[in-house]
Amino acid sequence: MTLLAAAIGAAAGAGAIWGMFQNGMLSERSGAAVLLVAVAVFYPVFAAAEGDFVALALHLAIFAGFTFLALRAYHKGLFLLAGGLIGHGIFDIMAGLIATPGPGWWPAFCASFDIVAGVMILQLIQSRKVPR
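Structural notes, computed from the coordinates. The shown structure was predicted, so the numbers you read here are calculated from the model rather than taken from an experiment.

## Observations concerning the packing of aromatic side chains
Taken as a whole and judged by the stated rule, the model has nine aromatic pairs. Taken together, the aromatic side chains of Phe-42, Phe-46, Trp-105, Trp-106, Phe-109 and Phe-113 make up a single cluster linked through ring pairs.

## Observations regarding the environment of Ala-10
Counting through the fold element by element, Ala-10 comes out in helix H1 (residues 2-22). C-alpha of Ala-10 to C-alpha of Arg-72: the two residues are 62 residues apart in sequence and 26 Å apart in space. Once residues lying within four places of it in the same chain are set aside, the contact partners of Ala-10 are Ser-112, Phe-113 and Val-116.

## Here we look at the side chain of Asp-92
Among the secondary structure elements, Asp-92 is positioned in helix H5 (residues 78-97). Asp-92 has contacts with Tyr-43, Pro-107, Cys-110, Ala-111 and Asp-114, leaving out every residue within four places of it along the chain.

Criteria and thresholds
- Residues numbered from 1 in each chain as written.
- Predicted model: local features only at pLDDT ≥ 70, side-chain atom pairs only at ≥ 80, totals over all residues.
- Heavy atoms only, no water.
- Phe/Tyr/Trp six-rings, centres within 6.5 Å; stacked < 30°, edge-to-face > 60°.
- Helix = DSSP H or I, 4+ residues; strand = E, 2+ residues; numbered from the N terminus.
- Contact = heavy atoms within 4.5 Å.

This is the structure in structure tokens:
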């Protein structure tokens, strides 16, 4: 199940970035900033749905950190937003090693989505198809 979730997440991440690129959503930084905030909100949502207030407080703090990063990186460059997505993917891997709220397959799905999306943005920056 974990491998399938990771494969689906990778395909979804690639598809999301490809679609965003094709539609001009990466020609400036707001698309990637919104994506980073969006992927970070799922753990607090899962914790709230489960009624786990300790996990909710923890994941709201983590969400706030990634939101702050997205807001700062929006002003600094797409390169930092790509790094934020990859960083969230690493967080997902670590979260998958401990008990996290939400479905058991979520950390694998989200990690592969985030890392593939971040790497694709870095490739687009390197090929000069999007601004830094």
